[in-house]
Every structure is written in structure tokens, then in C-alpha cells.
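Observations on chain architecture
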Amino acid sequence: MNRLEKCAQNDVKVILCDVNHGRFEKSMSGVTAASALLVCAEVYYEHYKGSFGNRVMWSPIIVTPPLVIAGIAGIFSARAAKTALPAASLLYMLTGAVGLVMHIRGVSRKPGGWKFAAYNVVMGPPVIAPGLFAMVGGMGLLASLVRREGGDDD
């Protein structure tokens, strides 16, 4: 039985085998690009409903194209996966962290602030939503850290 046949014995082993043999980086780069588009669409819709009342609300929209481009480039180029993708991913994660602070601040500015958290957390800015944004950046960072199939050359 060769290595690939051994890898195909169950789902968990297939995933671990793919990571071990470098097939995970390209997939994760593509998933990062697609996820960034979906998250950006949701953020745009929610911030549009808020009339982009604060200029910082544009930052998730602005940092998405570089991550999408880096994610797509990471599928085709090892160099892009090791340079552009982690830079764009870290920027995305930082934007998520800033969003978390801004959303916490937004809840505290609602009438009653955190004293009425049961109401304000539900009706105010979603406190956990920026975490999703940061998680997509984390996926891109993970993609840039794993080994690439066929070595490090393009």
C-alpha cells in the first residue's frame, strides 16, 4: 500500500495527510479569499444599516480586497502565500480587534450601557461579530504558515 492509499483510510487521516504533504496551503488560501468576500458582504450590509456613522466602519471594507487578492495569489504562488498573505491576514486580524473595541464601546454608549447588557448587547452592535472578521484573518495566517506542496519554489 503506497502513501496515498494509506492517507485515504479515513477523513481525519486524509486531512492530516494533506497538511503533512503540503496540499493544505493552496486550499486554505482559497477558502480565506472566499470567506473574506462573504464576511465583507455581511459587514457592508450591517454598516450600511448603521449609515457608516463612524469613518472607522469603512475599515473592514477597505482591508478586504488586499486579503482576497493575496488569498487568490497564494493559490498560485508560494511567494505570495509566504509574504502578501500573512501581511494582509495580520491587517485583517488587527481590523477585527479594532472592531471588537469599537463594538464594546458602542454597547457602552447605548442608554444604560453595560448596566442593561441583556438588552444593549442584543440591540447594540454585535460584540462577537468582529471575532469572525479576525478569524478569517487567522485562516489566512494559518495558510501562510503550513508547508506547500512541491517545496518552496513557485
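What counts, and at which threshold
Residues numbered from 1 in each chain as written. Predicted model: local features only at pLDDT ≥ 70, side-chain atom pairs only at ≥ 80, totals over all residues. Heavy atoms only, no water. Patch = residues over 30% accessible without salt bridge, like charges linked within 9 Å, V, L, I, M, F, W, Y side chains within 5 Å. Areas by Shrake-Rupley, 256 points an atom, 1.4 Å probe, with all protein chains shown as cover. Salt bridge = Lys/Arg side-chain N within 4 Å of Asp/Glu carboxyl O. Helix = DSSP H or I, 4+ residues; strand = E, 2+ residues; numbered from the N terminus. Buried < 20%, exposed > 50% of the residue type's maximum accessible area, 1.4 Å probe, protein only. Core = buried A, V, L, I, M, F, W, Y, C linked by side-chain atoms within 4.5 Å. Contact = heavy atoms within 4.5 Å. Expected span 1.5 Å × (residues − 1). UniProt positions renumbered as here; feature names shortened; annotations may be inferred.

**Overview of a nonpolar patch on the surface**
Nonpolar side chains collect at one region of the surface, where Tyr44, Tyr48, Trp58 and Ile62 lie side by side and expose about 450 Å² of accessible area between them. Following the sequence through the fold, Tyr48 ends up in helix α3 (residues 24–49). Classification of Tyr48 as exposed rests on a relative accessible area of 55%.

**Structural notes on the nonpolar core**
The biggest cluster of nonpolar side chains holds 19 residues, and the ones touching the most others in it are Ala36, Leu67, Tyr92, Phe133 and Val136. Looking at this core, the elements with two or more residues in it are α3, α4 (59–76), α6 (84–109) and α8 (129–145). Counting residues per element, this core draws most heavily on α3, at six residues. For Leu67, the contacting residues outside a window of four places in its chain are Thr32, Ala36, Leu85, Ala88, Ser89, Tyr92 and Val136.

**Here's the deal with α3**
When the terminal C-alpha atoms of α3 are compared, their 37 Å separation across 26 residues agrees well with the 38 Å that a helix rising 1.5 Å per residue should span. On its buried face, α3 is in contact with α4, α5 (78–82), α6 and α8. Looking one or two places after α3, you find Ser51, whose phi comes out positive at around 60°.

**Details of the UniProt feature "transmembrane region" (unreviewed entry) in the protein**
Listed under "transmembrane region" (unreviewed entry) in the UniProt record, and renumbered for this structure, are residues 28–45, 57–78, 90–107 and 127–146. Regarding residues 90–107, the helix share stands at 100% and the strand share at 0%, and the terminal C-alpha atoms are separated by 26 Å. Counted over residues 127–146, helix gives 85% and strand 0%. Its end C-alpha atoms are 31 Å apart.

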